[in-house]
Protein chains: 4
Amino acid sequence: MNKTDKRMRIIEAAIQVFAREGLVKGKIVDIAKEAGIGKGTVYEYFRSKEEIFSAIEESLMDNIFQALEKIAATSLSPAKKLEAIMNKCIYQIVAMGHGLLIVTEIWAQAGREHWHTHQPANLAGKYDRFRELIVRILRQGIETGEFRPMNEDGVATLLMAFIDGLSWQYVLLRDSKRFWEIKTEAVRSFMKGIER
Amino acid sequence: MNKTDKRMRIIEAAIQVFAREGLVKGKIVDIAKEAGIGKGTVYEYFRSKEEIFSAIEESLMDNIFQALEKIAATSLSPAKKLEAIMNKCIYQIVAMGHGLLIVTEIWAQAGREHWHTHQPANLAGKYDRFRELIVRILRQGIETGEFRPMNEDGVATLLMAFIDGLSWQYVLLRDSKRFWEIKTEAVRSFMKGIER
Amino acid sequence: MNKTDKRMRIIEAAIQVFAREGLVKGKIVDIAKEAGIGKGTVYEYFRSKEEIFSAIEESLMDNIFQALEKIAATSLSPAKKLEAIMNKCIYQIVAMGHGLLIVTEIWAQAGREHWHTHQPANLAGKYDRFRELIVRILRQGIETGEFRPMNEDGVATLLMAFIDGLSWQYVLLRDSKRFWEIKTEAVRSFMKGIER
Amino acid sequence: MNKTDKRMRIIEAAIQVFAREGLVKGKIVDIAKEAGIGKGTVYEYFRSKEEIFSAIEESLMDNIFQALEKIAATSLSPAKKLEAIMNKCIYQIVAMGHGLLIVTEIWAQAGREHWHTHQPANLAGKYDRFRELIVRILRQGIETGEFRPMNEDGVATLLMAFIDGLSWQYVLLRDSKRFWEIKTEAVRSFMKGIER
DNA sequence: TATGAATGAGGATTCATTCAT
DNA sequence: GATGAATGAATCCTCATTCAT
């Protein structure tokens, strides 16, 4: 097994552990056990616990982002693309289960640092990247006349906010039937809000 | 100063400290210092750090919830009420600043417990209480013909999701000008999505 | 209620609490509750927790010692006196129940201090007082010819050791039937050991 | 140094510290220092302070018990065996010095738990094991006609009580000359009490 | 490269004691 | 005299990280 594979395996183990225990209670030794390696070995691949956090976030975000770009590159109509993106995100979230909570905690931490250091959060960049992807699709739709004229940035933000919030609902409700009903109506409302 | 006032003062101090340091790094001794009392005194008012978390969440949520109920009780039109509620929430969030991160962390914790214990999270109850308030307004609007027929639960969830998500945007962007533009467009989109 | 009565009440409360919880886990506030007074009031009657320990020991020992002196002053034969004393001690111990454990802990503490400070333990004095009482009776018995000649000090010590040890048996066995059988045989053996 | 040796070294360090300071005042960090290791290392070998208590007791008791079984297995006459056992116990106690106080405190704690939980104390089992060893020797002596007929259980208890009690005398008197005189007479009295 | 034994900084919590009312 | 709110010293235990093997 090469270096990258093992790194990946540790990340996956870490996701399991942190999802189960939380960022703070999740111990390095447990990650090692979950990955089937020794505690010390973790430090051959990551400089610190902190670095594992970043790696997890990167991994999780990259996964989802690549999927979204694939959708954006299809020849679907803008409206269909948007729906597909929303659905993809939501499916991904459901698949992550409460692993979402990890990302939340990581972001909360990042947010706090951002607040103090006044450094533009790395996270903000990711949001922007996502937002741009949405904005592009919205503009296409406006050009084709499918969507009404709008402040594309604002609407993109609405969409992202909507996905974020929906994730929480899922974690808290976890009552799948109700969740899917809600989700369907929520998507419909959103689409209606931007149609011409 | 009576017992309740002092409890409140500790809660406020705790919010300061946790917002600055995070739930884990925020030390009891710092809370005590912030409140201008001795470390031991904190334990006269709260059994444990955990109990402070709950108290903070309760306090923060109650604050916002009472404000919303006041709005719901006015004689505004349903559409105006909804806009007022969204705005109130967002202002509140901005006012909380990154104190929002505390609530997020507390919720992440609660979510994890909920996931493991399969106990209905206390939090879910709060979401429901909020959702019901929204649903009531939506129904009024449908009756008056302002709003289109809809799955009220789904739309209410969308609204909540939108507010949750927008909070995050604020924490991460903190670029007020852009945030307010986004917010304005987002509210408009949402309202358009439900109008007749 | 006068000062002495209240002091006594606190001592009794303390015995209850310490017997239940141990010397260290037994809290001043619990003693106060048990005595039906305020925490601060305890300090009107005792300078410190330490002082309560001493008072308890004194109280418990005085009780038993007075009873023994009463027996010593009777006109029973030396052998009968000795038996009566052993029985009285044992009954007292049983009556104290695991309150004996308090005395043990107090003594262990005293023993340690004695060891370090090289001060003659106050306790040693009490042992001597008890030993002298026994020695007096043994000498009477030797004079009357009931007892064999012996090193009275050694035998008195044996008797005390025997009572101490039997107390432990009771605490540990607490199986009354077996305890009383053992006690009867033990007393018989002891008496046989000193008879002419 | 292997795992067991190190465990043993910690136990020995703990005995030193607890004997000096008492069970409660004796700090883990002091044990570590005494053992020449880091504080955290102690917890690699023992789950908690409580577990150290148990280990000490076990170690101390096993030591003495093995010695006694060796005596019991010799070809000495029953009377000589009994004397040897008493002497061995007493020498051991003297060797332990005020380390005896640790055992006392541990037992006091155990006794209290026993009292509350109504669980047969582990300690009771150890007493029984000791008692059986004595009873076996007493029966041998009765068979050979060296000892008078007796309730063997009762006499065994007397012997144990005598040893327990004598230990205390030593801790409190620590005046060796007097102690040894007393001990000699006490053993003689005991033996006389059971001879035919 | 892999390991896990060793480490010690760090923090929540307890409770005897004080003292203003 | 009686009270209990306030205090902070004291200590167990956790766990990220290091490093010798």
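A quick note: this is a predicted structure, and the numbers were derived from the prediction, not measured.

K.L.:
What is the right way to look at the overall build of chain A in this model?
P.N.:
Secondary structure summary: chain A contains nine helices and zero strands in total. In sequence order, chain A lays out its α and β elements as α-α-α-α-α-α-α-α-α. When contacts within chain A are restricted to residue pairs at least 6 apart in sequence, long-range pairs at least 24 apart make up 68% of them. Of the roughly 8900 Å² that chain A leaves accessible, carbon and sulfur atoms contribute 49%. Here chain A holds 29 positive side-chain charges and 26 negative ones, and the gap between their average locations is 3 Å.

K.L.:
Mind showing me how you'd approach the protein's contact with DNA strand F here?
P.N.:
Lys6, Lys39, Thr41 and Tyr45 of chain B together with Thr41 of chain C are the nearest of the 32 residues found near DNA strand F. A distance of 2.7 Å is found between a phosphate oxygen of DNA strand F and a side-chain nitrogen or oxygen belonging to Tyr43 of chain D. Here a phosphate oxygen of DNA strand F sits 3.1 Å away from a polar atom, N or O, in the main chain of Lys49 of chain D. Looking at the surface near DNA strand F, the elements that each hand over two or more residues are α3 (39-45) of chain A, α1 (3-21) and α3 (39-45) of chain B, α1 (3-21) and α3 (39-45) of chain C together with α3 (39-45) of chain D. Considered class by class, the residues forming the surface near DNA strand F number eight nonpolar, 10 polar and 14 charged.

K.L.:
Please clarify how the interface of chain C and chain D should be interpreted in this entry.
P.N.:
Accessible area lost upon the coming together of the parts serves often as the stated size of an interface. Contacts between the two partners involve 56 residues from chain C, matched on the other side by 56 residues from chain D. Carbon and sulfur atoms make up 62% of the surface buried where chain C meets chain D, a total of about 4900 Å² over both sides. Scanning the region where chain C abuts chain D turns up four salt bridges. Residue Glu185 of chain C is joined to Arg148 of chain D by a salt bridge in which the shortest nitrogen-to-oxygen separation is 3.5 Å.

K.L.:
How should the environment of Tyr170 of chain D be read in this particular structure?
P.N.:
Topologically, Tyr170 of chain D is positioned in helix α8 (residues 152-173). Here Tyr170 of chain D falls in the buried class, since its relative accessible area comes to 8%. As a C-alpha pair, Tyr170 of chain D and Ile93 of chain D span 77 residues in sequence and 8.4 Å in three-dimensional space. Excluding residues that lie within four positions of it along the chain, Tyr170 of chain D makes contacts with Trp115 of chain C together with Val94 and Phe179 of chain D.

K.L.:
I would appreciate a short explanation of the protein's contact with DNA strand E in the present structure.
P.N.:
Residues in contact with DNA strand E amount to 30 residues; listed here are only the nearest, Thr41 of chain A together with Lys6, Lys39, Thr41 and Tyr45 of chain D. Breaking the surface near DNA strand E down by element, the ones donating at least two residues are α3 of chain A, α3 of chain B, α3 of chain C together with α1 (3-21) and α3 of chain D. At five residues, the largest contribution of residues to the surface near DNA strand E is made by α3 of chain D. Along the lines of polarity and charge, the residues of the surface near DNA strand E split into eight nonpolar, 10 polar and 12 charged.

K.L.:
Just checking my understanding: could you explain the domain arrangement of chain A for this structure?
P.N.:
Residue and element names in this part refer to chain A. When its domains are assigned, chain A resolves into domain 1 (1-47) and domain 2 (56-194). Between domain 1 and domain 2, the residue contacts involve nine residues of the former and eight residues of the latter. A buried area of about 710 Å², summed over both sides, lies between domain 1 and domain 2, and 78% of it is on carbon and sulfur atoms. Taken as a group, Ile15, Ala19 and Leu23 account for 67% of the area that domain 1 buries against domain 2, more than any other trio of residues on that side. Taken together, the connections running from domain 1 to domain 2 amount to zero salt bridges. In this assembly, domain 1 and domain 2 are joined by one residue pair in polar contact (both at pLDDT 80 or more). Class assignment for the residues of the side of domain 1 that touches domain 2 results in seven nonpolar, one polar and one charged.

K.L.:
Would you explain the relation of the copies chain C and chain D in this entry?
P.N.:
Here the second copy of the chain follows from the first by a rotation about an axis and a shift along it. Between chain C and chain D, the superposition needs a rotation of 180° and an axial shift of 0.0 Å, giving an RMSD of 0.1 Å. As the rotation angle and translation indicate, the two copies are arranged about a two-fold axis. Of every C-alpha in chain C, the one belonging to Gly193 of chain C sits nearest the axis of rotation, 1.8 Å from it. A shared interface surface links the copies, since 100% of the contact residues of chain C are contact residues in chain D too.

K.L.:
Before we go on, may I ask you to explain the relation of the copies chain B and chain A in this structure?
P.N.:
With an RMSD of 0.1 Å, chain B superimposes on chain A once it is rotated by 180° and translated 0.1 Å along the axis. In this assembly the copies share their binding face: 100% of the residues contributing to the interface of chain B also contribute to that of chain A.

K.L.:
What is the right way to read the packing of α1 of chain D against helix α2 (residues 28-35) of chain D from this model?
P.N.:
Working note: a packed helix pair is described by the angle between its axes plus the distance between those axes. Residue and element names in this part refer to chain D. Viewed as axis vectors pointing N to C, α1 and α2 meet at an angle of 125°, and their least axial separation amounts to 8 Å. Here α2 runs oblique to α1, going by the angle between their axes. Here the hand of the crossing between α1 and α2 comes out right-handed. When α1 is examined against α2, the residues Arg9, Ile10, Ala13, Ala14, Gln16, Val17, Phe18 and Arg20 are found in contact with a partner set consisting of Asp30, Ile31, Glu34 and Ala35.

K.L.:
Help me understand the interface of chain B and chain A, please; the structure alone is not making it clear to me.
P.N.:
Counting residues at the interface gives 56 residues for chain B and 56 residues for chain A. Where chain B abuts chain A, roughly 4900 Å² becomes buried across the two surfaces, and 62% of that area is made up of carbon and sulfur atoms. Counting across the interface, chain B meets chain A through four salt bridges. There are seven residue pairs in polar contact (both at pLDDT 80 or more) connecting chain B and chain A. Taken together, the elements giving at least two residues each to the side of chain B that touches chain A come down to α1, α6 (100-117), α7 (122-144), α8 (152-173) and α9 (176-194) of chain B. Sort the elements by how many residues they give to the side of chain B that touches chain A and α8 of chain B lands first, with 17 residues. A breakdown of the residues in the side of chain B that touches chain A according to their chemical character gives 26 nonpolar, 15 polar and 15 charged.

K.L.:
Looking at this structure, I do not really get helix α2 (residues 28-35) of chain B. What am I missing?
P.N.:
Side chains that are three or four residues apart share a direction in an α-helix, a result of its 3.6 residues per turn. Taken as a whole, α2 of chain B has its buried residues at Ile28, Asp30, Ile31, Ala32 and Ala35 of chain B. Where α2 of chain B is buried, its residues contact α1, α3 and α4 (49-72) of chain B.

K.L.:
Would you mind showing me how to read the packing of aromatic side chains here?
P.N.:
One pair of aromatic rings is described through two measures. These are the centre distance and the angle between the planes. On inspection of all chains with the given rule, the structure shows 18 aromatic pairs over all chains. Between the aromatic rings of Phe179 of chain B and Trp180 of chain B, the centroid separation amounts to 5.2 Å while the plane-to-plane angle is 70°, which identifies the pairing as edge-to-face. Taken together, the aromatic side chains of Tyr91, Tyr170, Phe179 and Trp180 of chain C make up a single cluster linked through ring pairs. A cation sits over an aromatic face here: Lys3 of chain A above Tyr45 of chain A, 5.0 Å from the ring centre.

K.L.:
Explanation requested: the side chain of Thr157 of chain A in the structure shown.
P.N.:
Locating Thr157 of chain A in the fold gives a position in helix α8 (residues 152-173). A relative accessible area of 0% places Thr157 of chain A in the buried class. Separated by 3.2 Å, the side chains of Thr157 of chain A and Arg131 of chain A make a polar contact. Those residues within four positions of Thr157 of chain A in sequence are excluded, and the remaining contacts are Arg131 of chain A together with Leu166, Gln169 and Ile182 of chain B.

K.L.:
Looking at this structure, I do not really get the packing of α1 of chain C against helix α4 (residues 49-72) of chain C. What am I missing?
P.N.:
Residue and element names in this part refer to chain C. Packing of α1 against α4 brings their axes to within 10 Å, and their N-to-C directions diverge by 95°. By the angle class used here, α1 and α4 are roughly perpendicular. The segment α1 lies against α4, with Arg7, Met8, Ile11, Ala14, Ile15 and Phe18 engaging Lys49, Glu51, Ile52, Phe53, Ala55, Ile56, Ser59 and Leu60. Among the residues making up the contact of α1 with α4, the classes are represented as 10 nonpolar, one polar and three charged.

K.L.:
Please explain the pattern of salt bridges as it appears in this structure.
P.N.:
Side-chain pairing between opposite charges can occur once the charged atoms of the two side chains come close. Applying the stated criterion across every chain yields a total of 32 salt bridges over all chains. In this structure, a network of salt bridges that share partners links the residues Arg20, Glu21 and Glu34 of chain A.

K.L.:
How should the environment of Arg112 of chain B be read in this particular structure?
P.N.:
The residue Arg112 of chain B is located in helix α6 in this model. Given the relative accessible area of 7%, Arg112 of chain B is considered buried. Other than its neighbours up to four places away in sequence, Arg112 of chain B contacts Phe18, Ala19, Arg20, Glu21, Gly22, Leu101 and Glu105 of chain A.

Conventions we followed
- Residues numbered from 1 in each chain as written.
- Chains lettered and ligands numbered in written order.
- Predicted model: local features only at pLDDT ≥ 70, side-chain atom pairs only at ≥ 80, totals over all residues.
- Heavy atoms only, no water.
- Helix = DSSP H or I, 4+ residues; strand = E, 2+ residues; numbered from the N terminus.
- Contact = heavy atoms within 4.5 Å.
- Areas by Shrake-Rupley, 256 points an atom, 1.4 Å probe, with all protein chains shown as cover.
- Lys, Arg positive; Asp, Glu negative; His and termini not counted.
- Charge placed at Lys NZ, Arg CZ, Asp CG, Glu CD.
- Near = heavy atom within 4 Å.
- Polar contact = N/O pair within 3.5 Å; in protein donor to acceptor, adjacent residues only side chain to side chain.
- Nonpolar A, V, L, I, M, F, W, Y, C, P; charged D, E, K, R; others polar.
- Buried area = accessible area lost by both parts, 1.4 Å probe.
- Salt bridge = Lys/Arg side-chain N within 4 Å of Asp/Glu carboxyl O.
- Buried < 20%, exposed > 50% of the residue type's maximum accessible area, 1.4 Å probe, protein only.
- Domains from an automatic or database assignment.
- Least-squares fit on C-alpha atoms with pLDDT ≥ 70 in both.
- Axes fitted to C-alpha atoms, helices over the stretch in contact; angles between N-to-C directions.
- Parallel < 35°, antiparallel > 145°, perpendicular 65-115°, else oblique.
- Left-handed = near helix turned anticlockwise from the far one by under 90°.
- Phe/Tyr/Trp six-rings, centres within 6.5 Å; stacked < 30°, edge-to-face > 60°.
- Lys NZ or Arg CZ within 6 Å of the ring centre and 35° of its normal.

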